[in-house]
Amino acid sequence: MKNNLLLIGAALSLSSCSMILGPSTVDVTVIGVNDFHGNLLPTSFRVPDPADRTKTLTVQAGGVEAIGGILAEARKANPNTVFVGVGDMTGASPLISGLLRDEPTINALNSLGMAVNVVGNHEFDYGFAELQRYQKGGCNSNDAAKACKFNNTFEGAKFPYIAANVIDEKTGQPALPAYKIVQVGSAKVAFVGAVLKDTPTVVTPAGVAGLKFEDEVKSINAAIPAIKRMGADAIVALVHQGGTSGDAFDIVNCKTLTGPIVDIARNLDPAVSAIMTGHTHRGYNCLVPGPDGKDRTVIQGDALGHLLQRLDMTIDTRANRVTAIRASNVVVDAAKTPKDVAMTALVQKAKDLTDPISRTVIATLGVEQITRAAAPNGESLLGRVIADSQLAAAAPADKGGAVIAFMNPGGIRADLPVNVPNASKQVTYGDAFTVQPFGNILTVITLTGAQIKAALEQQFDNPSAGSNRLLQVSRGFTYTWDNAKAKGDKVSEIKLNGQAIDPAASYRVVLNNFLADGGDGFTTFAQGTNRLGGDLDIDAFRAFLTSGTVTPDTTERIKRLN
């Protein structure tokens, strides 16, 4: 009897303790946006047709008004909701944000309650000093013509920019925090971040001067012990590097993911419960086995705010672990989502400042739209137009006397115009700016014929083995490439106006300053001599469009074999 009383007393004691401690689990929702690029307004997005998945439907998706509406609904359903960024919130932005130095975008993300953002490569577009201004605020910008025009003061981001793998070369110390622990209800959720280690190959060298980008896995794993010591209940990795999947974004737990993110996911510490990714712009929701053999979620939304990636986690705060996780991609359907009134006011203010410039009709095309979609040979119709525009701007003797133009495909940010139908065939300055938003400076350099061939050979296995970056070339320049031949020997029959390029002769070549400095892995261009700066790329593009009715040239400039 005495023993029974003791057992009853122990049970009552445990029950009392449990009542004091309360429930040990909490449901947390994490909503992330990747590759937003200052798209305050919705744009066209294709989704699977629910009636026939072999077809797609076009919807207007994204925009901060609808994103705000989705966040409000999520927070109403679960107050334990946290909003995060997976890189490239700014940079390569349309005119409504880019013309105001992306300050409207940062203000919008502040108002939407963003808790943390891992830097993407585009956060370095304007250099590390400007990124620090984005964090701290103020008007001391390297583009005074655009800074503090949205507001006469700029408070900076209320959320921290993080990355475990960005190192200050002078000090050898981290340039940014590796992680941020966010209190979400009763749970401590740690967000640890990394940007792609190849950032220096996709950003102008001036943008990353003085910085070193280390291995993503090594850097994140090195931060895990400190995160555990801080008592984190869950760890989510924000990695601005991605992959591609053969499955649509709404297929759950896909197993078709390929690309750099797969090796990262396989080697990250098992303490990381899920990996939210960016950079490759297309949505997926996949499973990848970690080093412990257990599958974990690797998810990415679509760029420009079309899709928000969402994690619904159950967290045991006593055991400091995630007991359940469900991932999904959420379509930000601008027509069906209630608008955030604060975001409507912000968008209207930005439009009032930029619309007079944006709406100015600058040209009439010979077609409704000129697309940036690449053919199998690597050329796009819009790429040809841009290369021709740059050659036209730099061909006069006093502008450099260029005879060849090269354009990097990653610098072509949208179709012209972005949306169709376009029965009037008219394009505005805003359309042109959306295509060419970087404000790069056209630069004329002298290269030998041998250097031109060497640069063309750098198009292959770029940025990684099996991938190609085919430069867009100007009218009159032609060559052949053979996909079956070894790297370094793929390019032949290089000609200018029908005449073979002489390896020993010199040629004046125009390209943007990003390429001229060796960006996108084209290091040969950095060897160019007799540099001469010229017009902004957007100004050259606008001038070419206004010079007459532009119909894309369909003549093959690049010939592909195999």
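This structure is a prediction, so every number in the text was calculated from the model and none was measured.

Asks: If you had to explain the packing of aromatic side chains to someone new, which residues and values would you point to?
Replies: Tallied over the entire structure, the rule returns ten aromatic pairs. Joined through ring pairs, the aromatic side chains of F406, F477, Y479, F522 and F525 make up one cluster.

Asks: Residues and numbers for the sheet that holds strand β9 (residues 187-195), please.
Replies: As summarised here, the arrangement of the six strands in space is β8-β9-β11-β12-β14-β13, forming an open sheet in which the pairing is mixed. Every interior strand has two partners, whereas the edge strands, β8 (179-184) and β13 (284-289), have only one. Going from strand to strand, the sheet's axes swing by 25° on average, the running direction of each strand aside. Summarising the sheet, β9 and strand β11 (residues 234-240) pair through seven bridges and their orientation is parallel. Counted as the bridge partner of V195 is H240 from β11. Helix-sheet contacts for helix α6 (residues 216-229) involve β8, β9, β11 and β12 (272-277), and the interaxial angle to β9 is about 155°. Sitting on the sheet, helix α7 (residues 260-267) is in contact with β11, β12, β13 and β14 (295-300), with an inclination near 45° to β13.

Asks: I'd like a rundown of the packing of α6 against α7, residues and numbers included.
Replies: Two elements in contact, α6 and α7, have axes whose closest approach is 9 Å; the angle formed by their N-to-C orientations is 30°. Of the possible angle classes, the one that applies to α6 and α7 is roughly parallel. The chirality of how α6 crosses α7 is right-handed. The segment α6 lies against α7, with E216, V217 and N221 engaging D263, I264 and N267. Looking at the contact of α6 with α7 residue by residue, the classes come out as two nonpolar, two polar and two charged.

The rules behind each value
- Residues numbered from 1 in each chain as written.
- Predicted model: local features only at pLDDT ≥ 70, side-chain atom pairs only at ≥ 80, totals over all residues.
- Heavy atoms only, no water.
- Phe/Tyr/Trp six-rings, centres within 6.5 Å; stacked < 30°, edge-to-face > 60°.
- Pairing = 2+ DSSP bridges.
- Helix = DSSP H or I, 4+ residues; strand = E, 2+ residues; numbered from the N terminus.
- Axes fitted to C-alpha atoms, helices over the stretch in contact; angles between N-to-C directions.
- Contact = heavy atoms within 4.5 Å.
- Parallel < 35°, antiparallel > 145°, perpendicular 65-115°, else oblique.
- Left-handed = near helix turned anticlockwise from the far one by under 90°.
- Nonpolar A, V, L, I, M, F, W, Y, C, P; charged D, E, K, R; others polar.

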